[in-house]
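Chain residues, written in single-letter form:
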Amino acid sequence: MAAIDELKELLAGDIRQLDILADILNQEKTCLSNSDVRKLGSLTSEKNTLLEQIRESAKRKIRLLVAMGFRPDSGEPSRFIRSAGLPDLLALWEEADRRLRNCQEVNQTNGRVISHMQKRLSRLTDIFRGVSGHQKLYGAQGEQKAVSHSTILASA
């Protein structure tokens, strides 16, 4: 099988897997909004398995591209594919890239939700434990930081 045909097969497989991943991420988003922790655990397991398969496919694609003359330090593979005059392969590559970026966006949103939930849980745990509310300031990235003796608010 020619490298181009194998790349096309890998990209078609990636597109199918990325569609499944997008579905899992959307289910994860629903579980987060409904606090369905049990289902969230199984989705995380499915997501991790799928991500490993996508990583393995990425390695195989890079090896095939290198065999075709692509140099990884020369920039984006899409530029190489475009310069090689392979429009069908380029269309598949760009479609897989679009789906991957969509999955990344949903995953980042889910990550922010989880982070906010963890912060809220931590604050509630502090209240239940009777920990006094330490004064907090916001850091450069918007995260809360406890005020300590080492925190300098002003100096002369």
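This structure is a prediction, so every number in the text was calculated from the model and none was measured. (Residues numbered from 1 in each chain as written. Predicted model: local features only at pLDDT ≥ 70, side-chain atom pairs only at ≥ 80, totals over all residues. Heavy atoms only, no water.)

## Some remarks on the overall build of the protein chain
- On a plain count of helices and strands, the protein chain comes out with four helices and two strands.
- Listed N to C, the secondary structure of the protein chain is α-α-α-α-β-β in terms of helices and strands.
- By the burial criterion, 24% of the 156 residues in the protein chain qualify as buried.
- Long-range pairs, those at least 24 residues apart, make up 56% of the contacts in the protein chain with a sequence separation of at least 6. (Helix = DSSP H or I, 4+ residues; strand = E, 2+ residues; numbered from the N terminus. Buried < 20%, exposed > 50% of the residue type's maximum accessible area, 1.4 Å probe, protein only. Contact = heavy atoms within 4.5 Å.)

## Concerning the pattern of salt bridges
- Applying the stated rule across the entire model yields 12 salt bridges.
- In this structure, Asp 14 engages Lys 61 in a salt bridge whose closest nitrogen and oxygen atoms are separated by 2.2 Å. Taken as a pair, Asp 14 in helix α1 (residues 3–34) and Lys 61 in helix α2 (residues 37–67) lie far apart in primary sequence, 47 residues in all. Take Asp 14 and Lys 61: they sit in the same class, and that class is buried.
- Where Glu 95 meets Arg 99, a salt bridge forms, and the shortest distance between an N and an O atom there is 2.6 Å. Here Glu 95 and its partner Arg 99 are both found in helix α4 (residues 87–129), four residues apart, which amounts to about one turn of the helix.
- The class for Glu 95 is partly exposed, based on a relative accessible area of 23%.
- Looking at Arg 99, the relative accessible area reads 24%, which means it is partly exposed. (Salt bridge = Lys/Arg side-chain N within 4 Å of Asp/Glu carboxyl O.)

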